[in-house]
Amino acid sequence: MPSIKSKHLIRIQDLTNDEIYAVLENAATFKEINERPIKKLPTLRGRTIINLFLEPSTRTRSSFELAEKRLSADSLNFSASSSATVKGESLLDTAETFDAMKVDMVVARHKYGGYCNILADHMDAKIVNGGDGIHQHPTQTLLDLFTIYEHFGRIEGLTVGIVGDIYHSRVAGSLAPALASLGATPIFIAPPAYQPDVPEELGAQVAYTLDEVLPELDVVNLLRIQGERAQGLYVPSLREYSALYGMNSHRMNNLMKKDAIILHPGPMNRGVEVTAEVIADPRMLVLDQVNAGVAVRMAVMYMMLGGDGDVE
Ligand code: CP
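Residues numbered from 1 in each chain as written. Predicted model: local features only at pLDDT ≥ 70, side-chain atom pairs only at ≥ 80, totals over all residues. Heavy atoms only, no water.

**Regarding the overall build of the protein**
Of the regular secondary structure elements, the protein holds 11 helices and nine strands. Computed over C-alpha atoms, the radius of gyration of the protein comes to 19 Å, within 12% of the 20 Å expected from 2.2 N^0.38 for 312 residues, which places it in the range of a compact globule. Based on the C-alpha atoms only, the size of the protein along its principal axes is roughly 55 × 45 × 35 Å. Looking at the protein as a whole, 54% of its 312 residues qualify as buried. Counting contacts in the protein only where the partners sit at least 6 residues apart, residues at least 24 apart contribute 73% of the total. (Helix = DSSP H or I, 4+ residues; strand = E, 2+ residues; numbered from the N terminus. Rg over C-alpha atoms; globule rule 2.2 N^0.38 Å. Buried < 20%, exposed > 50% of the residue type's maximum accessible area, 1.4 Å probe, protein only. Contact = heavy atoms within 4.5 Å.)

**Notes on the domain arrangement of the protein**
When its domains are assigned, the protein resolves into domain 1 (12-137 + 293-305) and domain 2 (138-289). Once you take the C-alpha centre of each, domain 1 and domain 2 turn out to be 25 Å apart. Both faces considered, domain 1 and domain 2 share a buried interface measuring about 2300 Å² in area, 63% of it formed by carbon and sulfur atoms. Considering only the side of domain 1, the residues that lose the most area to domain 2 are I12, I134 and H137, jointly responsible for 28% of the buried surface there. On inspection of domain 1 and its partner domain 2, the count reaches three salt bridges. A salt bridge links E150 to K31; the shortest N-O distance between them is 2.7 Å. Across the domain 1-domain 2 interface, the total number found is 13 residue pairs in polar contact (both at pLDDT 80 or more). Those elements giving two or more residues to the side of domain 1 that touches domain 2 turn out to be α1 (17-33), α2 (59-70), β3 (105-110), β4 (126-132) and α11 (286-304). By residue number, the principal contributor to the side of domain 1 that touches domain 2 is α1, which donates eight residues. Split into classes, the residues belonging to the side of domain 1 that touches domain 2 amount to 13 nonpolar, 10 polar and seven charged. (Domains from an automatic or database assignment. Buried area = accessible area lost by both parts, 1.4 Å probe. Salt bridge = Lys/Arg side-chain N within 4 Å of Asp/Glu carboxyl O. Polar contact = N/O pair within 3.5 Å; in protein donor to acceptor, adjacent residues only side chain to side chain. Nonpolar A, V, L, I, M, F, W, Y, C, P; charged D, E, K, R; others polar.)

Next up, the structure:
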């Protein structure tokens, strides 16, 4: 019996709060295993997983691939540029082709929000969303939650600022509702043009000035401006954006709580939303997030593909 009830993980809301905490607990075990000299487990031997990444990725794709290898699954990486899609085959026909090969799981990334739902409607395989357009990125949320929980020992009661281009952010689209559901307070901090249309639907409060709310935050989650999803900048200049919303030494040392942490989903744009000095500070946990990403994805696949007992 899979220990995640939903067949697919497309939205973070596909998981109950108890399932989220179970993922974090299993991920802690996988994180320990990832410190061992021999990191491979037989858990998903005989399972087939396709990584269908139709948008660029460094962290998500490579951590899923590592997680699959460490769980002994057979995995295949698919990129549009080296496939029959360049000969005109539709992505739906591609998906149905993979389904005919009897794969167990597809991890998909696509620039269109809702692409994973289309796959789920046309495939027998379980679908895991590796980031779809400006919609959601649920495994990023799970690794963010893992990093927060590992640091504070709790999520409930924390105030989490999500700073930057919220409008185009699938990270914000899945993190905010999860935080709200778990009893934390997410605040979207951005100029009006980068705020979502209906922030309250995502369970978030709104602020327009970083310096006003920074002293209240336990977690500062920085987002980059996602130029690939927009026509031009929504602010007068990157310099002005950086001056008003960028995390720098002054803000970190004078306005931020002493015990607050800084997160970033990556990739970072140094000198825009974050300076090199902040990246080098021990309160910046971006590499802890990357480390957690492998363990969290191992936990998700283990729990979705039948793992029910304790991880050894
Ligand atoms: N955070 C994240 O999704 O990074 P990649 O685009 O490198 O996968």
